[in-house]
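Descriptive analysis of the structure
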Amino acid sequence: MFLRPSLLRSLKPASRKFSTSALTMSASSSSVWAQELPKPIDELNTYLCVLPDFTEGSKRLEIRQQHLEGTTPGHKVGWIVKAGPTFADDSKSKMTGSYFLMREVSVEAARARLSQDIYATGGAWDMSKATIQACGMSKH
């Protein structure tokens, strides 16, 4: 499955506004990660994504379990290479966002997929501050 440019333009990044229904929807979060890869893994691009939380009022802890359950298929299917929380410092006492090493066909498609995750739709990630950078992976 390839995302057509017209589809990419129609997707809007997550806004700061969110509803309580977004907080209870794990199906939309899991469906985006459960989709089959559009081509073999070695033909997809790899991206390093840094997704900061909102500095005030992040819903991360409230929707964390849904996010973890929703991303599980992404690891199995192959979209997600590695992912986890980012922290304010070495004490790891305060989560500040997430990082993903993920596969996708383009940077726009990566942003669109991440924007559908429950952390984006449910008020944890501030997608306006997200960075998505193409990267390579050493084979050894």
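So, here is what we can say about the structure in this document.

**Some details on the packing of aromatic side chains**
- Overall, the coordinates contain three aromatic pairs when judged by the stated rule.
- When the centroid spacing of 5.7 Å and the interplanar angle of 20 degrees are considered together, the rings of Trp33 and Phe100 count as stacked. Residue Trp33 is located in helix H3 (residues 27-34), and its partner Phe100 is located in strand E3 (residues 95-104); the two are separated by 67 residues in the primary sequence.
- Seen in terms of ring centroids, Phe100 and Trp125 are 5.7 Å apart; in terms of plane orientation they differ by 85 degrees. Their pairing is edge-to-face. Linking Phe100 in strand E3 with Trp125 in the loop between helix H6 (118-121) and strand E4 (131-135), this pair joins segments that are 25 residues apart in sequence.

**Quick word on the environment of Asp89**
- Here Asp89 lies in the loop between strand E2 (80-87) and E3.
- Look at Asp89 and you get partly exposed, because its relative accessible area is 43%.
- In this structure the side chain of Asp89 is engaged in a polar contact, spanning 2.5 Å, whose partner is the side chain of Ser91.

**Things to note about the nonpolar core**
- Ranked by size, the top nonpolar core spans 22 residues in total, and within it Trp33, Cys49, Leu51, Phe100, Leu114 and Trp125 carry the most contacts.
- Of all elements in the fold, only H3, strand E1 (45-52), E3, helix H5 (107-115) and H6 reach the threshold of two or more residues within this core.
- Sequence-distant contacts of Phe100, that is, excluding residues within four places in its chain, are made with Trp33, Tyr47, Leu48, Cys49, Leu51, His67, Thr71, Ile80, Lys82, Ala83, Leu114 and Trp125.

Definitions and limits used
- Residues numbered from 1 in each chain as written.
- Predicted model: local features only at pLDDT ≥ 70, side-chain atom pairs only at ≥ 80, totals over all residues.
- Heavy atoms only, no water.
- Phe/Tyr/Trp six-rings, centres within 6.5 Å; stacked < 30°, edge-to-face > 60°.
- Helix = DSSP H or I, 4+ residues; strand = E, 2+ residues; numbered from the N terminus.
- Buried < 20%, exposed > 50% of the residue type's maximum accessible area, 1.4 Å probe, protein only.
- Polar contact = N/O pair within 3.5 Å; in protein donor to acceptor, adjacent residues only side chain to side chain.
- Core = buried A, V, L, I, M, F, W, Y, C linked by side-chain atoms within 4.5 Å.
- Contact = heavy atoms within 4.5 Å.

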